[in-house]
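Working through the structure, step by step
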Amino acid sequence: MVAFKSVSTPELATLSQIRRTALSRLSPEVADFLEGGAGDETTLAANRSAFARWGFRQRVMSGLATPDISTALLGIDLAMPVLTSPFGADGLFHPEGQKAVARANLNAGIASIVPEAGTHALEDVAEAAPKAARIAQLHPMGPEANFRHMLHRIEDAGYEAICLTVDCPTGGWRERVLRNAFDLDARYVNGNYRNDGETKLIEVFGQLFERCATVWSWERLAGLMNETALPWFAKGIMTPEDALASEAAGAAAVYVSNHGGRQLDGVPAALDALIEVREVIEGRLPILFDSGVRRGADVVKALALGADVVVIGRLAAYGLAAGGQAGVERVHSLLYDEIRTVLTLLGRGGVDELGPDSLVRLGASAVSEALLTAH
């Protein structure tokens, strides 16, 4: 069981209320930065509608005790099958940013993926909550010497795995950002690249804006990752071909994600990609999933369709903006309770009993009704 009691106030009563509270406390341009997607935002919308296409296949009178929703990923024990994503610019949402997220994760018994482009250095987040800050993020871009140096920093700080975000060789075409002329202050993303450091922020992330750098290959990445003993996985897998390529390059897990619809508009919903990836991986590697998750029932659906762990990004950011550490803790508490409720009503004794037979594909009319209700 989760060993903490989250704070419940009217502003933090439900996940949808937490989102409303968060957006009300952010400036319009920052709210757009958080909420927006790429292009016409069709993929952003598809991520949500994909969940509405699946309903639950309920079994009753199970005779089971309260479901056990604990699990583990790459040797990291989790009280529920949830991680928080490496969303950067975290200081935009609360001064403590990912440090507050990590402390909330510690109290919830789950783990953080700590961002490279964050407000706080990876060492500072690890110091804030060493038993929660377990996975560090890197981007395969910039000088190789810096990439190697970051691998050593991650090892020295005590992290146990590395998340490589591979779907950002350049920044997505985000028209809300363009419309608002939103210029992200470097102090929100330079926690690992201070101005007095050896490597400057622009040397690593400049290609996100200039769109002129050579994109790394799987072979190049595999060679560099041979220099660390830490397990790693690639975030941003959307096809069976890339899932197999990451496995061949040495990945210890597969991370299905379309970046929450923020990178390439027009790609399918991540939930649809998850089904395809599960079929080719065939249980050889654990699968992480994100994009479009807004409640505990979504977590259960993703698990049933092949994910081993679900990663929350916007949900964690909403909690952070709405109430700092307490807001994130409330998000975790609501997710935990809803996941257990759904499993109980499904007649499942734990997350390991979930599979495609837990779900039923809904017809078009049912999907339309579900979307109307959700909005």
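These remarks concern the structure in this document.

The rules we used
Residues numbered from 1 in each chain as written. Predicted model: local features only at pLDDT ≥ 70, side-chain atom pairs only at ≥ 80, totals over all residues. Heavy atoms only, no water. Helix = DSSP H or I, 4+ residues; strand = E, 2+ residues; numbered from the N terminus. Rg over C-alpha atoms; globule rule 2.2 N^0.38 Å. Buried < 20%, exposed > 50% of the residue type's maximum accessible area, 1.4 Å probe, protein only. Contact = heavy atoms within 4.5 Å. Areas by Shrake-Rupley, 256 points an atom, 1.4 Å probe, with all protein chains shown as cover. Lys, Arg positive; Asp, Glu negative; His and termini not counted. Charge placed at Lys NZ, Arg CZ, Asp CG, Glu CD. 1 Å grid on protein atoms, 1.4 Å probe; cavity = no way out; pocket = protein on both sides within 12 Å on 5 of 7 lines; lining within 4 Å. Points joined across faces, edges and corners; volume = space filled by probe spheres on them. Nonpolar A, V, L, I, M, F, W, Y, C, P; charged D, E, K, R; others polar. Core = buried A, V, L, I, M, F, W, Y, C linked by side-chain atoms within 4.5 Å. Patch = residues over 30% accessible without salt bridge, like charges linked within 9 Å, V, L, I, M, F, W, Y side chains within 5 Å. Salt bridge = Lys/Arg side-chain N within 4 Å of Asp/Glu carboxyl O.

The next thing to look at is the overall build of the chain. Across its full length, the chain holds 15 helices and twelve strands. Taken against the 2.2 N^0.38 rule, which gives 21 Å for 375 residues, the C-alpha radius of gyration of the chain at 20 Å falls within 12% of a compact globule. Considered along the principal axes of its C-alpha atoms, the chain spans approximately 60 × 45 × 40 Å. For the chain, the residues scored as buried account for 56% of the 375 residues in total. In the chain, of all internal contacts separated by at least 6 residues, the share reaching a separation of at least 24 is 75%. For the chain, the accessible surface area stands at approximately 15600 Å², while carbon and sulfur atoms represent 52% of it. Across the chain, the mean location of the 34 positive side-chain charges is 6 Å away from that of the 46 negative side-chain charges.

Next up on the list: the layout of surface pockets. Of the volumes computed, that of the largest pocket is approximately 1300 Å³. Along the wall of the largest pocket there are 50 residues; nearest its centre are Phe33, Arg174, Leu184, His259 and Arg262. Sorting the residues of the lining of the largest pocket by element identifies α2 (28-35), α7 (175-180), α8 (201-205), α9 (207-210), β11 (309-312) and α14 (314-346) as the ones contributing at least two each. Residue composition of the lining of the largest pocket, grouped by class: 27 nonpolar, 14 polar and nine charged.

Core analysis: the largest hydrophobic core is formed by 123 residues, its most contacted members being Leu83, Phe93 and Phe289. Considering each element in turn, this core owes the most residues, 16 residues, to α14. Not counting chain neighbours up to four residues away, the residues in contact with Phe289 comprise Phe51, Tyr255, Val256, Ala270, Leu271, Leu274, Ala302, Ala307, Val309, Val310 and Val311.

A few words on a negative patch on the surface. A contiguous patch of negative charge, built from Glu241, Asp242, Glu276 and Glu279, is present on the exposed surface. Among the secondary structure elements, those contributing two or more residues to the negative patch are α11 (240-248) and α12 (270-281). Mapped onto the secondary structure, Asp242 falls in helix α11. Owing to a relative accessible area of 32%, Asp242 belongs among the partly exposed residues under this scheme.

Pairing is possible between side chains that carry opposite charge, provided their charged atoms lie close to one another. Tallied over the entire structure, the rule returns 17 salt bridges. In this structure, Arg103 and Glu96 form a salt bridge, with 2.9 Å as the shortest nitrogen-oxygen distance. Among the salt bridges present, the one from Glu123 reaches Arg153, with a minimum N-O distance of 2.8 Å. Here Glu123, found in helix α5 (residues 122-128), pairs with Arg153, found in helix α6 (residues 144-156); they are 30 residues apart in sequence, far enough to count as distant. On the basis of relative accessibility, which here comes to 29%, the residue Glu123 falls in the partly exposed class. Residue Arg153 is classed as buried on the basis of its relative accessible area of 16%. Each member of the salt-bridge network shares a partner with another, and the members are Asp32, Glu41, Arg176 and Arg179.

By themselves, these figures tell us nothing about what the structure is for.
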